[in-house]
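Listed below, chain by chain, are the residues.
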Amino acid sequence: MALELGLWVMYFVSIYFAVFWLSIIFENGVSDPVVKKKKRNLPSVTVAIPVFNEETSVVGTIESVLNLDYPSKKLQVIVVDDCSTDSTASVVKKFIKNTNLQGIDLKYVLHEVNKGKGAALNTALKISTGELFICLDADSFVDSTVLKEVVPHFENGIVASVLPLMKLQKVKGFTL
C-alpha cells in the first residue's frame, strides 16, 4: 500500500514538473505577435520632457532620446521649462546649439510663470506634431530600443497607453 501511494505521488510530481517546464518552453518559444510584427510605416512620435531645475540631468535625458533606434525624421522632442530658477535654460539652449540633431525636431519652450508638470505637458501637447505622445521625466533615461518595442502595441487601434518597465539607478536617501 505504501509503495503504491509512493508511486502515485511520484507520478503526480513528474506530471506536474513536465507540464510546468513545457509551459515555460512554449511561453518563451512563442513570442507575442504584436511585438514581433514589423511595421512598415512607423508613426511619428513626440517625446515631451517637462523640466524644473534639472540642470544636472536634463542633457543626459535628451541624449538618451536622441540616441533612440527610431527614424530621426519621425521624432520630435519638446523640452518645456517650467520657469526653472537654476541654469536649466542655458544648459538646454547650449546643448541644442552644439548638437547635431540629425533631422530630429528638438524644441525648447519656456513658461514665464511656474505652472507645474501638468501645464508643461499641456504646452507640449499643443505644439506636438507626433501621432504618438510620450512623456519622459527630466531625470529619466530610455533604452535605445524602447520605441521599437512599445510602438507596435498601438497598431491594433485598441491600445491607448503603454507603460515601460522602469529600473532605478539611484534613489536619494535609499540604498537599493
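For clarity, every value in this text was computed on a predicted model and none was experimentally measured.

Novice: Just to check I follow, could you spell out the nonpolar core for this structure?
Specialist: Most often, soluble globular proteins have nonpolar side chains that are buried together. Ranked by size, the top nonpolar core spans 25 residues in total, and within it Val-45, Ile-49, Ile-62, Val-65, Leu-75 and Val-79 carry the most contacts. Listed in part, the seven residues of the second largest apolar core include Ala-48, Val-109, Ala-120 and Leu-121.

Novice: Looking at this model, I keep getting lost on the sheet that holds strand S3 (residues 105–110). Mind explaining?
Specialist: Strand pairs in the sheet, formed through backbone hydrogen bonds, run parallel or antiparallel to each other. The parallel open sheet is built from four strands, whose spatial order is S3-S2-S1-S4. The open sheet terminates on both sides in strands that have one partner only, identified here as S3 and strand S4 (132–135). Across the sheet, the mean angle separating the axes of adjacent strands is 20° when strand polarity is ignored. As paired strands, strand S2 (residues 75–81) and S3 are joined by six bridges and run parallel to one another. Bridging from a neighbouring strand, Val-79 pairs with Tyr-108 of S3. Contacting strand S1 (45–51), S2 and S3, helix H3 (residues 58–66) crosses the sheet at an angle of about 175° to S1. The sheet strands contacting helix H5 (residues 117–127) are S1, S2, S3 and S4, and the helix crosses S2 at an angle near 145°.

Novice: Just to check I follow, could you spell out a nonpolar patch on the surface for this structure?
Specialist: Together, Leu-5, Val-9, Phe-12, Val-13, Tyr-16, Phe-17, Phe-20 and Trp-21 make up an exposed nonpolar region whose accessible area comes to about 860 Å². Note that Phe-20 resides in helix H1 (residues 2–29). Using a relative accessible area of 35% as the deciding quantity, one classes Phe-20 as partly exposed.

Novice: Is there a simple way to explain the pattern of salt bridges in this structure?
Specialist: Opposite charge on two side chains makes pairing possible when the charged atoms of those side chains draw close. Applying the stated criterion across every chain, the model contains three salt bridges. Asp-105 is the partner of Lys-107 in a salt bridge, and the nearest nitrogen-oxygen pair spans 3.0 Å. Residues Lys-117 and Asp-137 are paired through a salt bridge, measuring 2.6 Å at the closest nitrogen-oxygen approach. Within this pair, whereas Lys-117 is found in helix H5, its partner Asp-137 is found in the loop between S4 and helix H6 (146–150), the two being separated by 20 residues in sequence. A residue is classified by how much of its surface remains accessible, and Lys-117, at 42% relative accessible area, is partly exposed.

Novice: What's the story with the packing of H3 against helix H4 (residues 88–97) in this structure? I'm lost.
Specialist: Interhelical geometry of H3 versus H4 gives an angle of 35° and a closest axis separation of 10 Å. Where H3 crosses over H4, the handedness of that crossing is right-handed. Residues Val-58, Val-59, Ile-62, Glu-63 and Leu-66 of H3 touch H4, and the partners they reach there are Val-91, Val-92 and Phe-95. Taken together, the residues that form the contact of H3 with H4 break down as seven nonpolar, no polar and one charged.

Novice: When you look at the pairing of S2 in this model, what are you seeing that I'm missing?
Specialist: Side-chain positions along a regular strand alternate between the two faces of the sheet. Counting buried positions over the seven residues of S2 gives seven, a clear majority of the element. In S2, alternate side chains face the same way, and those of Leu-75, Val-77, Val-79 and Asp-81 on one face and Gln-76, Ile-78 and Val-80 on the other are all buried. Two strands pair when backbone bridges link them, and S1 and S2 are joined in this way by seven bridges, in the parallel orientation. Counterpart to Ala-48 in the pairing with S2 is Ile-78. In this view, the connection linking S1 to its parallel neighbour S2 by way of H3 has right-handed handedness. Handedness of the crossover joining S2 and S3 through H4: right-handed.

The rules behind each value
Residues numbered from 1 in each chain as written. Predicted model: local features only at pLDDT ≥ 70, side-chain atom pairs only at ≥ 80, totals over all residues. Heavy atoms only, no water. Core = buried A, V, L, I, M, F, W, Y, C linked by side-chain atoms within 4.5 Å. Buried < 20%, exposed > 50% of the residue type's maximum accessible area, 1.4 Å probe, protein only. Pairing = 2+ DSSP bridges. Helix = DSSP H or I, 4+ residues; strand = E, 2+ residues; numbered from the N terminus. Axes fitted to C-alpha atoms, helices over the stretch in contact; angles between N-to-C directions. Contact = heavy atoms within 4.5 Å. Patch = residues over 30% accessible without salt bridge, like charges linked within 9 Å, V, L, I, M, F, W, Y side chains within 5 Å. Areas by Shrake-Rupley, 256 points an atom, 1.4 Å probe, with all protein chains shown as cover. Salt bridge = Lys/Arg side-chain N within 4 Å of Asp/Glu carboxyl O. Left-handed = near helix turned anticlockwise from the far one by under 90°. Nonpolar A, V, L, I, M, F, W, Y, C, P; charged D, E, K, R; others polar. Right-handed = clockwise from strand over helix to strand, strands pointing away.

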